[in-house]
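Residues per chain, in single letters:
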Amino acid sequence: MGAASPAMWAGLVLVALLAASGPASSAAGLPRFAEAPEYRNGEGCPAPVAGAGVCDPGLVHIAMTLDAHYLRGSMAAIYSLLKHASCPESLFFHFLAAEGGGAPPVADLRAAVAASFPSLRFEIYPFRADAVAGLISASVRAALEAPLNYARNHLADLLPRCVLRAIYLDSDVLAVDDVRRLWETRLPAAAVVAAPEYCHANFSRYFTEAFWNDPVLGARVFTGRRRAPCYFNTGVMVIDLRRWRIGNYRQRIERWMEMQKEKRIYELGSLPPFLLVFAGEIEAVDHRWNQHGLGGDNVFGSCRPLHYGPVSLMHWSGKGKPWDRLDAGKPCPLDHTWRSYDLYIGENDSASASGPSRSALSSSAAW
């Protein structure tokens, strides 16, 4: 064989550099993630409508936020949703990402997601903090005050008008069932939101004594609703965006946030305004779709087990996040389940030792 030409050497060097960077090297400042396995539609999936794009009526629309600290959770959530979907090519992801204020550039987030999921259908929508400036009040945990926590209120404004329904999911969830089953939840004409309800919870504790003792607030706020008000978690919701837009529900939520600045009627972040608008009015969904609280409470983040019953979606709501506890060497038992979907490549890891090489749970697993 003859001597290699300068052009050939340059090509070899380029190949070597690309190989050294790993299969899904993120932009500077973001964690690195491995490329996830690719999943294809099973039998009976809707055929795509040529040229329809995001307006294709056969799509399942999933909305999530992308945040630097929670990006590891988002990537695991995406991976779990694709793995257990009967029609993964029908999933369309709508990501809301903070813009400005030191947040990663949208282009970097886009590159990171596309590198781990080359065939993923998604769009990223910048969300500026000034959209909720002046509305956020102090909470029991600083993380709950982040403007991106309130981006879900703006879904109907940010997503294309042809998207009539979306599933909103927090970044700290893990699906172990086909999300299309949640997508097909029936929303009667009187409902805008569907979510699991928890009527055994002490609903009154989500609001201050000042709220309950106010002569024009308290129980009077919930009078005349479809049912008695119950707690529901906003980390898993099916939202009728058309009805949301018609009813101006973002403005309704923000009116309560404005009152909070005046009277201090609750202590948590973005949840209570949702309860004030929707408690007693949502369509109840089976609890299997939000086995929440796995991150413990908002102060200590202690370990918690699953609730009794079947599980379709696990949710690490609360202070304790599985990636933080795993990195600290103090994982809770259920954090090892989350680890099966972790695509993160640590500083001392190679791509071959990343998340996809671990044995992930089967969608038919019994819980």
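Residues numbered from 1 in each chain as written. Predicted model: local features only at pLDDT ≥ 70, side-chain atom pairs only at ≥ 80, totals over all residues. Heavy atoms only, no water.

The name that an unreviewed UniProt entry assigns to the protein is Hexosyltransferase, with the source organism given as Miscanthus lutarioriparius. Reading the Sequence similarities (unreviewed entry) entry of the UniProt record for the protein gives the comment "Belongs to the glycosyltransferase 8 family." (UniProt positions renumbered as here; feature names shortened; annotations may be inferred.)

Caption draft 1: The packing of aromatic side chains, seen in detail. A complete count under the given rule lists 21 aromatic pairs for this structure. An angle of 65 degrees between the planes, with centres 6.3 Å apart, marks the rings of Phe33 and Tyr344 as edge-to-face. Placement of Phe33 in strand 1 (residues 32-33) and of Tyr344 in strand 13 (residues 344-345) is noted, with a sequence separation of 311 residues between them. Given the relative accessible area of 22%, Tyr344 is considered partly exposed. Aromatic side chains Trp212 and Phe222 sit 6.4 Å apart centroid to centroid with 35 degrees between the ring planes, which places their arrangement in the tilted category. Note that Trp212 is positioned in helix 6 (residues 209-213) and Phe222 in the loop between helix 6 and strand 9 (231-232), a separation of ten residues in sequence. Sitting over the ring of Trp183, Arg165 keeps its end group 5.9 Å from the ring centre. (Phe/Tyr/Trp six-rings, centres within 6.5 Å; stacked < 30°, edge-to-face > 60°. Helix = DSSP H or I, 4+ residues; strand = E, 2+ residues; numbered from the N terminus. Buried < 20%, exposed > 50% of the residue type's maximum accessible area, 1.4 Å probe, protein only. Lys NZ or Arg CZ within 6 Å of the ring centre and 35° of its normal.)

Caption draft 2: Inspection of the side chain of Asp177 at higher detail. Mapped onto the fold, Asp177 is located in the loop between strand 6 (173-175) and helix 5 (180-183). Take Asp177: its relative accessible area is 7%, and that puts it in the buried class. Within the structure, the side chain of Asp177 is placed 2.8 Å from the side chain of Arg181, a separation counted as a polar contact. In contact with Asp177, other than residues within four places in its own chain, are His84, Arg288, Trp289 and Ser312. (Polar contact = N/O pair within 3.5 Å; in protein donor to acceptor, adjacent residues only side chain to side chain. Contact = heavy atoms within 4.5 Å.)

Caption draft 3: Expanded view of the sheet that holds strand 2 (residues 60-66). In space, the seven strands of this open sheet follow the order 4-3-2-5-10-7-11, with mixed pairing throughout. Of all strands in the sheet, those bounded by a partner on one side alone are strand 4 (121-128) and strand 11 (283-284). Sheet topology places strand 7 (residues 193-195) next to strand 11; two bridges connect them, and they run parallel. By the bridge assignment, Ala194 is partnered in strand 11 with Glu283. Against the sheet, helix 3 (residues 106-116) contacts strand 2, strand 3 (91-99) and strand 4, and its axis sits at roughly 155 degrees relative to strand 4. (Pairing = 2+ DSSP bridges. Axes fitted to C-alpha atoms, helices over the stretch in contact; angles between N-to-C directions.)

Caption draft 4: Main features of the layout of surface pockets. Quantified by volume, the second largest pocket comes out at close to 310 Å³. Taken together, 23 residues line the second largest pocket, and the ones lying closest to its centre are Tyr39, Pro88, Glu89, Ser90 and Ser119. Counted by class, the lining of the second largest pocket contains 13 nonpolar, five polar and five charged residues. (1 Å grid on protein atoms, 1.4 Å probe; cavity = no way out; pocket = protein on both sides within 12 Å on 5 of 7 lines; lining within 4 Å. Points joined across faces, edges and corners; volume = space filled by probe spheres on them. Nonpolar A, V, L, I, M, F, W, Y, C, P; charged D, E, K, R; others polar.)

Caption draft 5: Up close: the environment of Val173. On the secondary structure map, Val173 appears in strand 6. Along the sequence, Val173 and Ala77 sit 96 residues apart, while their C-alpha atoms lie 5.7 Å from each other. Every residue in contact with Val173, bar those within four places of it in the chain, is listed here: Ala77, Leu313, Met314 and His315.

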